[in-house]
Amino acid sequence: MRDTKESRLLLVLLIAIAFALITVDIRGGRNSPVDGARQAAAAVFGPIENGMSTVVDPVGNAVSAVRDSGDRHDRLARLEKQNATLKAKLGSDDRNRSRLSQLEKMLNVAAEGQYGIKGAQVIAIGSAQGFSWTVTIDVGYNDGIRRDMTVLNGNGLVGRVTTVGPDASTVLLANDPDFTVGTRMEGSDELGFASGQGDRPLRVELLDSKAEVKKGDRLVTFGSQGDKPFVPGVPVGTVTRVDPSNGGLTRTLYVTPFVSFTKLDIVGVVVQAPKKDPRDEVLPAKPRPTPTPTVTVTVTSSADASANASATTGQQQ
């Protein structure tokens, strides 16, 4: 059809009639005056539509099959990956049991001290080229972690939070040379300050140079004002050496930490301090000394032995 003024007018007229019929059909509902025309059109074009679907459906099904085969392949790949992950998990039962043991031990420490803790996992260690002892844990600002919070595990004091990101934080370990924490001696309540020395025992300066200290004594954290960076009562370590008192203002001790800083995995950040100082409650029970068996030896003189032998010979005769 040529594009003329009459053709354009006819097109506008047909569109207007179509909209009018649609409006009448919608308003008429089931009693629509065009319902008969619709049924007649269906009777005429229905067989043609069915015939076309018979021809087109196999092609559509083939295309769907190709598309579904890709989905099945992806699903099988996911299942294979899940199975591999499951096998790896089943193959590391010993590690899982170790982590569960660490977690239970840490929760017991938190219960004894009434600490509110957020569990975390060590995911990285500090740079080998650096001189600081740090680790990175997998909790951060989004988990309620803030700077200068105490970090512990099932054995005792691990360190304090120094840097906080959205989902990870840096912990300065207690054996770092820049680390210092106030300590209190078990039983005697002698106060001091412990400093890290890398892979060597902690160095503790007691405030009383005449304090009575012996090897095997144990220390806990004294606590800080506002409980930051340290909450009270966290086990620190055991005295392994005591320097002689030379009349100075302080007395030097060397303390082996309860925590092994080269074997950190599951730790906890204290996000809520205890309502009261737990004192020595968090320290583990002291090991009972193993009794040493004694052997009694009876010494018999040679004269008595000869007499006994003669008496025995006479009885036999």
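Described below are features of the structure shown in this document. Quantities reported herein were computed from a predicted structural model and do not represent experimental measurements. For every chain, the first residue of the written sequence is number 1, and numbering continues from 1 onward in sequence order. Selection of residues for local features in this predicted model requires a pLDDT of at least 70, selection of side-chain atom pairs for listing and counting requires 80 or more, and totals for whole chains, interfaces and linings are taken over all residues. Each side-chain value is derived from all of the structure's non-hydrogen atoms; neither hydrogens nor water enter the calculation.

## Section: the overall build of the protein
1) Next: A tally of helices and strands in the protein yields four helices and twelve strands.
2) Next: Here the protein holds 317 residues, and the buried ones make up 27% of them.
3) Next: Contact definition: two residues touch when any of their heavy atoms are within 4.5 Å. Across the protein, every contact between residues at least 6 apart in sequence was considered, and the portion connecting residues at least 24 apart equals 58%.
4) Next: Using the Shrake-Rupley algorithm and a 1.4 Å probe, accessible areas are obtained, with residue cover drawn only from the displayed protein chains. Surface summary for the protein: the accessible area is close to 21,300 Å², and the carbon and sulfur share equals 56%. A helix here means a DSSP run of H or I that spans at least four residues, while a strand means a run of E at least two residues long, and both kinds are numbered starting from the N terminus. Only protein chains enter the accessibility calculation, which uses a 1.4 Å probe. A residue is then buried if its area is under 20% of the maximum for its type, exposed if over 50%, and partly exposed in between.

## Focus on the environment of Pro274
1) Next: Summarising the element assignment, Pro274 is placed in the loop between strand E12 (266-272) and helix H4 (302-316).
2) Next: Put simply, Pro274 and Gly233 are 41 residues apart on the chain and 9.5 Å apart in space, counted from C-alpha to C-alpha.
3) Next: The residues touching Pro274, leaving out its near neighbours within four places in the chain, are Gly113, Gln114, Tyr115, Val231 and Pro232.

## Considerations on the sheet that holds strand E2 (residues 134-137)
1) Next: Strands are treated as partners if at least two bridges between them are detected by DSSP. Ordered by their spatial adjacency, six strands build a closed barrel running E1-E2-E5-E4-E3-E12, and the pairing between neighbours is antiparallel. Taken pair by pair, the neighbouring strands of this sheet meet at an average axis angle of 45°, ignoring direction.
2) Next: With five bridges joining them, strand E4 (residues 157-164) and strand E5 (residues 169-173) adopt antiparallel strand pairing. Looking across to E5, one finds that Val164 is bridged to Ser169. All axes are obtained by fitting lines to C-alpha atoms, using only the stretch in contact for helices, and the reported angles, taken between N-to-C directions, cover 0 to 180 degrees.

## Topic: unusual backbone geometry
1) Next: Lys228 connects to Pro229 through a cis peptide bond whose omega is 10°.
2) Next: Following the sequence through the fold, Pro229 ends up in the loop between strand E9 (218-221) and strand E10 (235-242).
3) Next: Unusually for a residue other than glycine, Asp148 sits at a positive phi of about 65°.
4) Next: Since its relative accessible area comes to 22%, Asp148 is described here as partly exposed.
5) Next: Despite not being glycine, Asp227 has its phi angle at roughly 65°, a positive value.
6) Next: Within the secondary structure layout, Asp227 lies in the loop between E9 and E10.
7) Next: Judged by its relative accessible area of 28%, Asp227 is partly exposed.

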